[in-house]
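Here is what each chain is made of, one letter per residue.
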Amino acid sequence: WYQRRVHGDAVLVASKSRVQDVKKIVDKLKEQGRHEHIAHTRVFRPWGSTESIAKGPRYEVKRLIIKPGGSQSRQMHFHRTEHWVVVKGTAKVTTDEGSYLVTENESTYISVGKIHRLENPGKVDLEVIEIRSGSYMGEDDIVRVDEEDNTATKPKPK
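Residues numbered from 1 in each chain as written. Predicted model: local features only at pLDDT ≥ 70, side-chain atom pairs only at ≥ 80, totals over all residues. Heavy atoms only, no water.

*Asks:* Now, about the environment of T81: what can you tell me, with residues and values included?
*Replies:* Structurally, the position occupied by T81 is in strand β7 (residues 80-88). Residue classification places T81 among the buried positions, given a relative accessible area of 13%. Considering only alpha carbons, one finds T81 and E130, 49 residues apart in sequence, at a separation of 10.0 Å. Beyond its immediate stretch of four places on either side in the chain, T81 contacts Y109, I110, S111, V112, I131, R132 and S133. (Helix = DSSP H or I, 4+ residues; strand = E, 2+ residues; numbered from the N terminus. Buried < 20%, exposed > 50% of the residue type's maximum accessible area, 1.4 Å probe, protein only. Contact = heavy atoms within 4.5 Å.)

Take a look at the structure:
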């Protein structure tokens, strides 16, 4: 008798008596220095989700889904740019220069050091393809900027 487990990142088909052997696979991934045992391709946030599509040494491509009324924090990056392509819905982009709407099949570019926020003012999920490019792609290159006094805070180490 076989058991099938489905996850967004993997499918496991195994005899019920061998399901616990998945630990051996996880240990092997750790030994090889891979990240799959820690990070999933889809990550859920209060505002929606991100899904990693492609990754290289100086780029990363993600699919962002932002729920109606949802928004990312006001933030900036020291080491990367972001290019957002709206594939579904309408995005509200806010920078220090003001706010503007980006609709389906349109895009916008966020340069290094620019304070920005991405929001979904609509009634349907906003789907955006985000292309990150730069010398460093780590999530710790997010500097959140406070609304009231424009002070920056780095994320806490994990």
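We are not done yet, so read on.
*Asks:* How would you sum up the pairing of strand β4 (residues 48-56)? Please name residues and give values.
*Replies:* Pairing analysis gives four bridges linking strand β3 (residues 42-45) to β4, with the strands arranged antiparallel. What sits directly across from F44, in β4, is S49. Connecting β3 to the antiparallel partner β4 that follows it, the hairpin turn spans two residues. Alignment of β4 against strand β5 (residues 59-66), held across eight bridges, turns out to be antiparallel. (Pairing = 2+ DSSP bridges.)

*Asks:* Explain the confidence of the model for the protein to me, using residue names and the numbers behind them.
*Replies:* A low pLDDT score tells you not to read the predicted coordinates there in detail. Confidence in the prediction for the protein averages 86 pLDDT; 82% of positions are at 70 or higher. Predicted confidence for residues 1-6 stays below pLDDT 50, and this span has 17 contacts to residues more than four positions away or in other chains. (pLDDT = per-residue confidence, 0-100.)

*Asks:* Please set out the sheet that holds β3 residue by residue, giving values where relevant.
*Replies:* Taken in spatial order, the six strands line up as β3-β4-β5-β12-β7-β10 in an open sheet, and their pairing is antiparallel. The strands lining the two open edges of the sheet, one partner per strand, are β3 and β10 (107-110). Taking each pair of neighbouring strands and ignoring which way they run, the sheet shows an average axis angle of 20°. Summarising the sheet, β7 and β10 pair through four bridges and their orientation is antiparallel. Bridge pairing links H83 to Y109 in β10. (Axes fitted to C-alpha atoms, helices over the stretch in contact; angles between N-to-C directions.)

*Asks:* Give me unusual backbone geometry: which residues, what numbers.
*Replies:* Not every positive phi belongs to a glycine, and N105 is a case in point at roughly 70°. Relative to the helices and strands, N105 resides in the loop between β9 (98-102) and β10.

*Asks:* A description of the environment of R63 should follow, citing residues and the corresponding values.
*Replies:* With respect to the element layout, R63 can be found in strand β5. When the C-alpha atoms of R63 and I129 are compared, they prove to be 4.7 Å apart, with 66 residues separating the residues in sequence. Beyond its immediate chain neighbours, meaning those up to four positions away, R63 contacts R42, S49, T50, E51, I53, E127, V128 and I129.

*Asks:* Help me get a handle on the pairing of β9, residues and values and all.
*Replies:* A regular strand places its side chains so that they alternate between the two faces of the sheet. Pairing between strand β8 (residues 91-95) and β9: five bridges, direction antiparallel. Across the sheet, residue V93 finds its bridge partner in β9, namely Y100. Hairpin remark: β8 followed by β9, antiparallel, with two residues in the connecting loop.

*Asks:* With reference to specific residues and values, describe the nonpolar core.
*Replies:* Among the nonpolar cores identified, the biggest contains twelve residues, and these are W47, L64, I66, W84, V86, A91, V93, V102, I110, L118, L126 and V128. Listing elements by their share of this core, those giving two or more residues are β5, β7, β8 and β12 (126-134). Residue contacts for V102: discarding those within four places in its chain leaves V86, G89, T90, A91, V93, S107 and T108. (Core = buried A, V, L, I, M, F, W, Y, C linked by side-chain atoms within 4.5 Å.)

*Asks:* Describe the pattern of salt bridges, naming the residues involved and giving the relevant values.
*Replies:* Close approach of charged atoms allows side chains of opposite charge to pair. Under the defined criterion, the tally for this structure stands at 14 salt bridges. The shortest N-O distance in the salt bridge between R132 and E130 comes to 2.8 Å. Of the residues examined, R132 reaches a relative accessible area of 6% and is grouped as buried. Accessibility expressed as a relative area gives 3% for E130, which makes it buried. The partner of R132 in a salt bridge is E139, with the nearest N and O atoms 2.8 Å apart. Residue classification places E139 among the partly exposed positions, given a relative accessible area of 28%. Sharing partners across several salt bridges, the network here consists of E60, K62, R80, E82, E130, R132 and E139. (Salt bridge = Lys/Arg side-chain N within 4 Å of Asp/Glu carboxyl O.)

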